Each structure stands twice: as structure tokens, then as C-alpha cells.
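Here are the chains, one letter per residue:
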Amino acid sequence: MNKIKTDFLVVGSGFYGSVIAERIASILKKKVLILEKRNHIGGNCYSEYDKSTNIEYHKYGSHIFHTSNKKVWDYINSFTKFNSYKHQVLTNFKNKIYQMPINLETINSFFNKNLSPHEAEKYINKISKKYYKNKYDNFEEKALSQIGLELYSAFIKNYTEKQWNTNPKNLPASIFNRLPLRFNYNEDYFKNCIWQGIPKDGYTKIFKGLIDNKNIRLEKETYNLNKDYKVKYMTIYTGPLDRLFNYKLGKLKWRSLLFKKKIVNVNDYQGTSVINFPEKKFRFTRIHEPKHLHPERKFKNDKTLIIYEYPKTSDDEPYYPVNDEKNRLRHRQYKKMAYKIPKFEIGGRLADYAYYDMDMTISAALQKFESIKKNI
Ligand SMILES: Cc1cc2nc3c(=O)[nH]c(=O)nc-3n(C[C@H](O)[C@H](O)[C@H](O)COP(=O)(O)OP(=O)(O)OC[C@H]3O[C@@H](n4cnc5c(N)ncnc54)[C@H](O)[C@@H]3O)c2cc1C
């Protein structure tokens, strides 16, 4: 049988694979074949339209683009314009809505007080002081030392337990660093980023633009790396490493998510794009209402789309790496095996067994391209 010839083979059409393919095709003018196991491009950033409401939604969870990396921002803006959406997260506890991350509004509303920033800081220090330690051995210890028992029990403990299916005492203290605490009324979830927004024409359009190049060919619903490809320069693999090696050293563990769509016959169901539900009586952790991601669009008034998010153990769709010691070690061993394959590079969130935001993924792909450019 004739081998399929290509200069570069890219496995996976998420941001990592598509950006590298675009750079190789546009700058190096080399032929790239992209293999994608799903029936669509874009990886977990893929967006599509719900047929009955014509509302665009992100199939694998709401994705908000945010970055302070100018190189990434300039690059992505050559493929899309962004709207003015600013992300805000609310949380529903005992039928009352609070701001997340915990800010001055959350503190005052939860404790039924009217504290100034300075007073709130003093108050939180007072209630969390008894949990101070020199070294925090787990997530719960760290969280208690920062926000005290009441806020932790209401907003964090059960949400975390639902998300990770384990007692927060079993999670590393480092995860809590991701949840900031604010003593002001700022509600902008990504306030530390210079730029944020949602692509005006959706994420899928970006991917179409990235791979719209005569040097790029895409094969969807293709998993089989062992097919007869003759690759001149290099294969760039962005899938999971355990799968690549047929689980030789065992499986890498991931948490996954299940999304259930529902059409509701009201114009606006919850008034915002995402609300957290930390209480255990709800099996889901969040409700998304995607029309709020596009304040610039006009929608029909009679219906809206909402999406329930349920955490689950993954066997099919990997979302969040379970970054414990055992899995990290296993991943390192797989990485060593991958490095031994000639003309073979790995990258992206699946191969690196890491959580990357989109801007980090694009930045890593642009860097990898620079090293490829130097070395071919
Ligand atoms: C629930 C959730 C919400 C998120 N929200 C945000 C957000 O708001 N903002 C943000 O910046 N980031 C967000 N992210 C992160 C974002 O999804 C990632 O940064 C991005 O998807 C990483 O791109 P990637 O190319 O590395 O991986 P992916 O997008 O996963 O793409 C990998 C692709 O490779 C394909 N593939 C895998 N193995 C094979 C194989 N053997 N053969 C062929 N194809 C294969 C897969 O099907 C997939 O299409 C979120 C992530 C999750 C899980």
C-alpha cells in the first residue's frame, strides 16, 4: 500500500495543533496533515449553534478568552475580533446569589454586615487566624487559613468535593491559590488580565481560519497513528500519552464533565452566563446560559438555552488532570518514552497532562514553532 506523504503530521486540531499547523504552513510553506479523532476541529474550544434557539454555545464548557500576553493577543486577533464580554461568576447558596471569587459584596452579604475594605480584611483575618499554620498539608487547611470556616463551608468545601469527588483534605494545598479573595467590589473574574472577551464569530470560526491554507489537509475521525504515514520532518502529537503507548504503564487519571442542555421558554433564565451551585443537594456544579456570552448579538425573546454541568470520573473525555504524585510520576515515565521516538514532539494540555488556559496553549505552540523553525 502507498504511504501517505506529508512534511509534518499534527495529531489533534485544538489550539496547540492548529496554531502549529498554521505557522508551519504559512511561514515554512511546508505541507501539514492534521489528524483529528473527533468529527470536528477546535478541540475543547469548539463552539456550535443550538438548532432550536440558534444560540451559539461551547460544547465542552464556556470558554472565556483572557490574556496579558501581547504576542498571543496580536496573533489571535489576526484571526478574530473579540466582543466586550467581561466574565463574572455568581454562586447560588441557600437560594441567595453571591459574587465569586469572594469579594467585599460576598462578605457583607453573607455575614449581613456593611464593612469597608479595611474592616472586612480585619474581620476575615480574625475569623481565619485560628487556622494559621507554618505549613499547609492540604487544600482544606489552606482554605480555612484564608477565609475561615463559614465562607469555606458555604462556597468552597462542597463545590470542591463535587468537582474532584474527594474530600478537600485529600487535595494539595496549591490548588487553593487559584481562588482569589478580594476586599473590594470588583466583580471582574479576570481582572488581572489586560484583555478578555469572546470571539465575535465564535471559536470554531477561528479554527477554520487557522487551517484554511493550501498547505494544510485535515482528516477528521482519524485515530490511527499507525496508518502508513511517511513524515518528512516531524510528528507533533497533542493527545494523551497513555493512549499513545496503549496504556503500557497504566492509565492517567482525569476528571471529566457531562453537559446536559435544556431549552427554557423564557427570554432570560438566570441573568448571567454562569452560576455555581456549591450545595450537595444539586448534583450539578454550574448552570451556563450561553446567550450572555454575546451581549452584542440579538436573540429571539421567547427561548433560551441553559446547560447543566455535572462532574464525573473520566474514561472517555479527559478534562482536568488528577495531578497527584502517582499520576505525575506515571506521566513523567510516559514522557521519557515519547522523547525516545525519533522526529516526534509532544505538546498541549493532553500530552503535557496539565491544565492550560487558551492563551498559555497558544503561547506554548508559538514557542514550539520557533524551535521547529530553527531546527529544520
Ligand atoms: C471545562 C473547561 C473550561 C475551560 N475554560 C477555559 C476558559 O474559560 N478560558 C481559557 O483560556 N481556557 C479554558 N479552558 C482550557 C482550554 O480548553 C485549553 O487551553 C485548550 O483546549 C487546550 O488546547 P489543546 O490543543 O492543548 O487541547 P484540546 O483542545 O483538548 O485539543 C486536543 C485535540 O486532539 C484530539 N486528539 C487527541 N488524541 C488524538 C489522537 N490520538 N488522534 C487524533 N486526534 C486526537 C482531540 O480530539 C482534540 O480535538 C477550559 C478547559 C476546560 C476543561
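Residues numbered from 1 in each chain as written. Predicted model: local features only at pLDDT ≥ 70, side-chain atom pairs only at ≥ 80, totals over all residues.

## Section: the pairing of strand S1 (residues 4–11)
Moving on, step 1. Bridge count between S1 and strand S10 (residues 229–237): seven bridges; the pairing is parallel. Pairing of valine 11 across the sheet is with tyrosine 237, part of S10.
Moving on, step 2. By the bridge criterion, four bridges tie S1 to strand S2 (residues 32–35) in an arrangement that is parallel. By the bridge assignment for S2, valine 10 is matched with isoleucine 34.
Moving on, step 3. With helix H1 (residues 15–28) bridging S1 and the parallel S2, this β-α-β connection has right-handed handedness. (Pairing = 2+ DSSP bridges. Helix = DSSP H or I, 4+ residues; strand = E, 2+ residues; numbered from the N terminus. Right-handed = clockwise from strand over helix to strand, strands pointing away.)

## A closer look at the environment of lysine 326
Moving on, step 1. Within the fold, lysine 326 resides in helix H8 (residues 325–339).
Moving on, step 2. Among the residues examined, lysine 326 registers 11 C-beta atoms within 10 Å and is labelled exposed. (Buried ≥ 20, exposed ≤ 12 C-beta atoms within 10 Å, placed from the backbone.)

## Points about the domain arrangement of the protein chain
Often, the extent of an interface is quoted as the loss of accessible area upon association of its parts.
Moving on, step 1. Taken domain by domain, the protein chain consists of domain 1 (4–46 + 201–253 + 322–375) and domain 2 (99–178).
Moving on, step 2. A separation of 38 Å is found between the C-alpha centroids of domain 1 and domain 2. (Domains from an automatic or database assignment.)

## Regarding the packing of H1 against helix H10 (residues 358–375)
Packed helices, taken two at a time, are described by their axes: the angle between them and the distance between them.
Moving on, step 1. In contact at an axis separation of 9 Å, H1 and H10 are set at 35 degrees when each is read in the N-to-C sense. Viewed along their axes, H1 and H10 form a crossing whose handedness is right-handed. For the pair formed by H1 and H10, the contact residues are Phe15, Tyr16, Val19, Ile20, Arg23, Ile24, Ile27 and Leu28 on the first element and Met358, Thr361, Ile362, Ala364, Ala365, Leu366, Lys368, Phe369 and Lys373 on the second.
Moving on, step 2. In the contact of H1 with H10, the residues fall into 13 nonpolar, one polar and three charged. (Axes fitted to C-alpha atoms, helices over the stretch in contact; angles between N-to-C directions. Left-handed = near helix turned anticlockwise from the far one by under 90°. Contact = placed C-beta atoms within 7 Å. Nonpolar A, V, L, I, M, F, W, Y, C, P; charged D, E, K, R; others polar.)

## Quick word on the site of the ligand
Moving on, step 1. Around the ligand, the structure places 31 residues, and the nearest of them are Gly12, Gly14, Gly43, Gly239 and Gly348.
Moving on, step 2. Those elements giving two or more residues to the shell around the ligand turn out to be H1, helix H9 (348–351) and H10.
Moving on, step 3. Split into classes, the residues belonging to the shell around the ligand amount to 13 nonpolar, twelve polar and six charged. (Near = placed C-beta within 6 Å.)

## Description of unusual backbone geometry
Moving on, step 1. Note the cis peptide between methionine 100 and proline 101, where omega equals -5 degrees.
Moving on, step 2. Inspection of the secondary structure puts proline 101 in the loop between strand S7 (96–100) and helix H3 (104–110).
Moving on, step 3. Phi at asparagine 165 is positive, roughly 55 degrees, even though this residue is not glycine.
Moving on, step 4. Looking at the secondary structure, you find asparagine 165 in the loop between helix H5 (139–164) and strand S8 (195–197).
Moving on, step 5. Here lysine 343, not a glycine, exhibits a phi torsion of approximately 55 degrees, which is positive.
Moving on, step 6. Mapped onto the secondary structure, lysine 343 falls in the loop between H8 and strand S16 (344–346).

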